[in-house]
Amino acid sequence: WLADGPTVRSVGQTPNGPVAWQFDLDAKQAASVAAERRPRTLPKYSRPLGSVVIAPSGAIAATANNPDGTFAQVVFSATDHVPRELAVTGRCFMQAWSPDERWLMLSCSDHRDNRDSSLYLLSADGGPLRRLGLVLDQIHQVRLHPDGRRIAFTAGLSRAGVFAVENLPISRAR
């Protein structure tokens, strides 16, 4: 989300390098913009990491593939990158931090192709997942607005659709 409120930027990777799109959600218009390259150094972990999201403080949350087919949801502290496992889940992938860094948003599906994905909240302190009730095919690239009450995300087989949802309970979740 950009500071102006209704604008979201999404970056993808192509064989020729990164590509960025900017979406004005009020005007329902998209425009190609210059993509920024940000080198990312991930902390060491005992299993492969994916679905990495970085909080403004520098804390890192990621999904690790377990050998038994489950997925570990892991947070690394911003200061020393010490890992802390928050939950072991089914097919869930880390998507975003809440603006206050108290919550993490994940997309989960019972299907290998991620059809019928649902969004869930997970406390940054660990505990049970809390389902938000939104179900779409292949939810990816979730971005929370700084107010914690709106999200934008892509969904669908082509990931070409950009959706926005308002009035989320994230900022008042306890």
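Residues numbered from 1 in each chain as written. Predicted model: local features only at pLDDT ≥ 70, side-chain atom pairs only at ≥ 80, totals over all residues. Heavy atoms only, no water.

Caption draft 1: Region of the structure containing the sheet that holds strand E10 (residues 117–123). Reading across the sheet, the 4 strands line up as E8-E9-E10-E11 and stay open at both edges, with antiparallel pairing between neighbours. Two strands lie at the open edges of the sheet, namely strand E8 (92–97) and strand E11 (130–136), each paired on one side alone. Across the sheet, the mean angle from the axis of one strand to that of its neighbour is 30 degrees, orientation sign disregarded. Bridge count for strand E9 (residues 103–108) against E10 is 6 bridges, and the pairing is antiparallel. Bridge pairing in E10 places Leu106 opposite Tyr120. (Pairing = 2+ DSSP bridges. Helix = DSSP H or I, 4+ residues; strand = E, 2+ residues; numbered from the N terminus. Axes fitted to C-alpha atoms, helices over the stretch in contact; angles between N-to-C directions.)

Caption draft 2: Highlighting the pattern of salt bridges. Under the counting rule described, the total for this entry stands at 3 salt bridges. Between Glu85 and Arg47 there is a salt bridge, with its nearest N and O atoms 3.1 Å apart. With Glu85 in strand E7 (residues 83–89) and Arg47 in the loop between strand E3 (29–33) and strand E4 (49–54), the pair connects residues that are 38 residues apart, well separated along the chain. Of the residues examined, Glu85 reaches a relative accessible area of 43% and is grouped as partly exposed. Between Asp147 and Arg150 there is a salt bridge, and its shortest N-O distance comes to 3.2 Å. You can call Arg150 partly exposed: its relative accessible area is 21%. (Salt bridge = Lys/Arg side-chain N within 4 Å of Asp/Glu carboxyl O. Buried < 20%, exposed > 50% of the residue type's maximum accessible area, 1.4 Å probe, protein only.)

Caption draft 3: Quick look at the state of the cysteines. Going through the model one piece at a time under the given rule, you end up with 1 disulfide. Covalent S-S linkage joins Cys92 and Cys108, the inter-sulfur distance amounting to 2.1 Å. Between Cys92 and Cys108 the sulfur-sulfur dihedral comes to about 115 degrees; the bridge is accordingly right-handed. Within this pair, whereas Cys92 is found in strand E8, its partner Cys108 is found in strand E9, the two being separated by 16 residues in sequence. Residue classification places Cys92 among the buried positions, given a relative accessible area of 5%. Classification of Cys108 as buried rests on a relative accessible area of 8%. (Disulfide = S-S within 2.5 Å.)

Caption draft 4: Quick look at unusual backbone geometry. Although it is not a glycine, His81 sits at a positive phi angle of roughly 55 degrees. In this structure, His81 sits in the loop between strand E6 (71–76) and E7. Here His81 falls in the partly exposed class, since its relative accessible area comes to 30%. Within the chain, Glu101 stands out as a residue other than glycine whose phi angle is a positive 60 degrees. Along the chain, Glu101 turns up in the loop between E8 and E9.

Caption draft 5: Local environment of the packing of aromatic side chains. The final tally for this structure, using the stated rule, is 2 aromatic pairs. On the basis of an interplanar angle of 65 degrees and a centroid distance of 5.1 Å, the ring pair of Phe71 and Phe93 is categorised as edge-to-face. Of the two residues, Phe71 is situated in strand E6 and Phe93 in strand E8; the sequence distance between them amounts to 22 residues. We classify Phe71 as buried; its relative accessible area is 8%. A relative accessible area of 17% places Phe93 in the buried class. (Phe/Tyr/Trp six-rings, centres within 6.5 Å; stacked < 30°, edge-to-face > 60°.)

Limitation: the analysis is restricted to geometry and does not speak to function.
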